[in-house]
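# Tertiary structure, described
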Amino acid sequence: MVRFTLLAVSSLLASVQAAQNLRSPEIANDKRRKLSYEYIANYGPRSQVTDHNAIDLDQRVIETQIALQTESAFARARDVYEQGGHSKSYARLKIPSGTPNESDGTLFAGTDTNGREVTGKVYESDKTPANELWLQYSTSDIQESYVNCQVGALAQTGDANTEGCFAATGIVKSGARSYTYEYIPDQDNLNGRTIKGFSTAVRPRMLECPQCPYDDAKYFVDYYGDSDYADKWITAAFIGGRTNFASGRGNADFSSFGLTGRGECAKKGTAYMAIFMYIIREFEDALDDCQINCISCNDDPVHAWDEGVAFYSGSLEGDTGVPTGVLLHELADKRCTNFDTCIDENNSKSAVNDALLDLFNVGQGQLLTGRCEEARKTKNKIVDLMYIPLIQGTIRYAYKVGEQAGGEKEKAEGAVFAASVLPRIYAASESAADVIYNNMRVGAPSTDFKAVKKAFESVYRDMNIQCSDVGGLVSPEGGYFPGANPCSDGSSRSSSGVIAGATVGTIGGVAALAAVGYIFYMRGREKKGNPVFKPSSRETAVTEMN
């Protein structure tokens, strides 16, 4: 009865957030927590993730530079990809008097050039060179003003903001301790979170961590043979080189493309290859840390879950998910227009994002209530959904190239969409992946749209999706393009696979209040040493035996 009640409670709580746009009362004591945080595309985080949410601002600068279509602009875009500018900003202060001996997280205060207070915490003290003090700037709960020092590689692009940075010279203090410092704001304000870092982190954080390897990361590494596959793809696209993946699979020689094709492969690679996998990593990390049947132990897992949603959506989506973003959330909304899988009259809101919002909220509720195994199932549904827009993108450009004689831009977009999903296809069917790669790769002599579409459809069941989840490619005149209608597997829009399975029904306010009240009750019982979750005599015996 307890297990059923808790699952119902977590689902009720999550459903209210998704369906009625209500905030739930604060139910944790973690210092990151407060009554409410700004929504991220209709999702209500329970921790501060404004700094994580801003990773899309790096993506926007990359896209802006690539649009200039010059080699120098490509070099600047690559620097932003590698060095960042908007997320986890920190100052590298020079301390002439000697090396400070400070611990990570210690808060220091100084001033900006106008004498206003600036604060930051000690960052990566174990990596700090002699005579330096690294301070990560404090961030706020308000997305619009989350941090007021954004430099990194932005000084080259004209997008740097030094207004809230530490002044070039001054004193920083923490309690009775103070240090006189100097540094160059345009050069020594750096970023600890970058899009490139998402790719280079695959091996330590997705393959070699205590509960690794994660399934999806392994799919990609098994296919490409390199853990930094995304970085190899993106870097080669920026410079017009070749990937040379260790496996020999999925390679691309970008020397056959001009700036148009290289730019498409680079900017879509950053969003749909590098960031894509790190989103999954955050959800996996939340599950790794989840403590079963504990109501007061899972604040950190919920924070990791919130980070995953932030990386999926980005700050440009705003509170309500308006169509102005540059990450996966925006891609899903774009593709639903092309494939008749939107849920609104304006054809701007995708069924994928609608189902994901429910799942994001349900997963958060499951973590809050210690329902770790249920949360893992929710994560699996999320990941299945995330592949759908990538499949749609590949099919769309297979049609543009194979049936409409598309040029370099269309060929490049098809190639990068395929690269972003091929490893998952390969895990289901090597032959299907080979068909897609040979038709969509950079430099493919021809593209057989029907063969590509059929190859994808052959693995839908293995990917836990159905024909109606993907839809069919719609022409501007209405109706489907010839041969591009949805496949048939007995599914329909009302009974589609992963999307229908993900949707959570709406509930009334009374039930929501009851759900929140029950969680308060459980948290109170935990604090009094009389938890709701008590192992049975049999469970205790098994624990003692182990």
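Everything here concerns the structure above.
A few words on the overall build of the protein. What the protein contains, in helices and strands, is 23 helices and seven strands. Looking at the protein as a whole, 56% of its 546 residues are labelled buried. Accessible area of the protein: about 22,200 Å², with a carbon and sulfur share of 48%.

Glancing now at the side chain of D231. Topologically, D231 is positioned in helix α10 (residues 229-239). For the buried D231, no salt bridge exists, and the shortest N-O distance to an oppositely charged side chain is 4.1 Å, to K196. Engagement of the side chain of D231 in a polar contact is seen with the side chain of Y81, the distance being 2.6 Å.

Here the focus is helix α9 (residues 215-224). Residues of α9 that are buried: D216, A217, F220, V221, Y223 and Y224. Across the axial projection of α9, the buried residues extend over an arc of 165 degrees, all falling on one side. Looking at the buried positions of α9, the neighbouring elements they touch are α8 (202-207), α10, α11 (259-289), α15 (372-386), α17 (408-428) and α18 (430-440). Looking one or two residues beyond α9, the residue adopting positive phi is G225, at roughly 85 degrees.

Our focus in this paragraph is the layout of surface pockets. Computed from the structure, the largest pocket encloses a volume of approximately 1,300 Å³. Forming the walls of the largest pocket are 40 residues, and the residues nearest its centre are H52, K88, K121, Q136 and R193. Listing elements by their share of the lining of the largest pocket, those giving two or more residues are α2 (50-53), β3 (117-122), β4 (132-137), α7 (195-200), α11 and α12 (299-313).

The subject of this paragraph is unusual backbone geometry. Of the consecutive residues C212 and P213, the connecting peptide bond is found in the cis state with omega at 5 degrees. With respect to the helices, strands and loops of the structure, P213 is situated in the loop between α8 and α9. The residue Q69 is not glycine, and still its phi comes out positive at about 55 degrees. Structurally, the position occupied by Q69 is in the loop between α3 (55-66) and α4 (71-83). Among the residues examined, Q69 registers a relative accessible area of 30% and is labelled partly exposed.

Here the structure, examined in full by the defined rule, presents six disulfides. Two residues share a disulfide in this structure: C149 and C165, whose sulfurs sit 2.0 Å from each other. Across the S-S bond linking C149 and C165, the dihedral sits near 90 degrees, which makes this disulfide right-handed. A residue pair is termed long-range when its members are at least 10 positions apart, and C149 in the loop between β4 and α5 (154-157) and C165 in the loop between α5 and β5 (169-174) qualify at 16 residues.

Another aspect to go through is the pairing of strand β6 (residues 177-182). As paired elements, β5 and β6 share six bridges and run antiparallel to each other. Bridge assignment links G170 to a residue of β6, and that residue is Y181. Where β5 folds back on β6, the antiparallel hairpin that results is connected by two residues, among which G175 adopts a positive phi of roughly 65 degrees.

Next up on the list: the packing of aromatic side chains. What the rule picks out here adds up to 26 aromatic pairs. For the ring pair Y223 and Y426, a centre distance of 5.2 Å and an interplane angle of 65 degrees mean the geometry is edge-to-face. Here the residue Y223 occupies a position in helix α9, and Y426 occupies one in helix α17, the gap between them amounting to 203 residues. One exposure class covers both Y223 and Y426, and it is buried.

Below, the discussion takes up the pattern of salt bridges. Scanning all chains against the criterion turns up 24 salt bridges. When the shortest N-O distance is used, the salt bridge between E71 and R262 registers 2.9 Å. With E71 in helix α4 and R262 in helix α11, this pair connects stretches of sequence that are 191 residues apart. A residue is classified by how much of its surface remains accessible, and E71, at 46% relative accessible area, is partly exposed. With relative accessibility at 6%, the residue R262 sits in the buried group. Between K267 and E264 there is a salt bridge, with its nearest N and O atoms 3.8 Å apart.

Time to look at α11. Between its first and last C-alpha, α11 extends 44 Å over 31 residues, near the 45 Å set by a 1.5 Å rise per residue. The axis of α11 is deflected most strongly, by about 40 degrees, at G269. Among the 31 residues that make up α11, 28 are buried, leaving the element largely enclosed by the rest of the structure.

About the cut-offs
Per chain, residue numbering runs from 1 following the sequence as it is written. Reporting of local features is limited, given that this is a predicted model, to residues whose pLDDT is at least 70; pairs of side-chain atoms are given and counted only at 80 or more, and all residues count toward the totals for whole chains, interfaces and linings. To obtain the side-chain values, all non-hydrogen atoms of the structure were included, while hydrogens and water were left out. A helix here means a DSSP run of H or I that spans at least four residues, while a strand means a run of E at least two residues long, and both kinds are numbered starting from the N terminus. Note on classification: 1.4 Å probe, protein chains only; a residue is buried when its accessible area is under 20% of the maximum for its type, exposed when over 50%, partly exposed between these limits. Under the convention used here, a 1.4 Å probe and the Shrake-Rupley method define accessible areas, while residue burial counts only the protein chains that appear. Here Asp and Glu are counted as negative and Lys and Arg as positive; His is not counted, and neither are the chain ends. Each salt bridge in this description consists of a side-chain nitrogen of Lys or Arg and a carboxyl oxygen of Asp or Glu lying within 4 Å of one another. Under this definition, polar contacts are N or O atom pairs within 3.5 Å; protein pairs additionally need one hydrogen-donor-capable and one acceptor-capable atom, and for neighbouring residues in sequence, both atoms have to be side-chain atoms. The reported arc concerns the directions from the helix axis to the C-beta atoms and nothing else. Note on contacts: a residue pair qualifies if any of its non-hydrogen atoms lie within 4.5 Å across the two residues. Only protein atoms enter the 1 Å grid used here. Points where a 1.4 Å probe fits but cannot escape make up a cavity, open sets with protein on both sides within 12 Å along at least five of seven lines make up a pocket, and a residue lines them when an atom lies within 4 Å of a point. Grid points are joined across faces, edges and corners, and a volume is the space filled by probe spheres set on the points. Sulfur atoms of two cysteines make up a disulfide when they are within 2.5 Å. The rule for pairing is simple: two strands pair if DSSP sees at least two bridges between them. Here a pair means two rings of Phe, Tyr or Trp (six-membered ring of Trp) with centres within 6.5 Å. Their orientation is stacked below 30 degrees between planes, edge-to-face above 60, and tilted elsewhere. For a helix, the expected span equals 1.5 Å multiplied by the residue count minus one. To get the bend at a residue, fit one axis to the 7 residues ending there and another to the 7 starting there, then take the angle between the axes.

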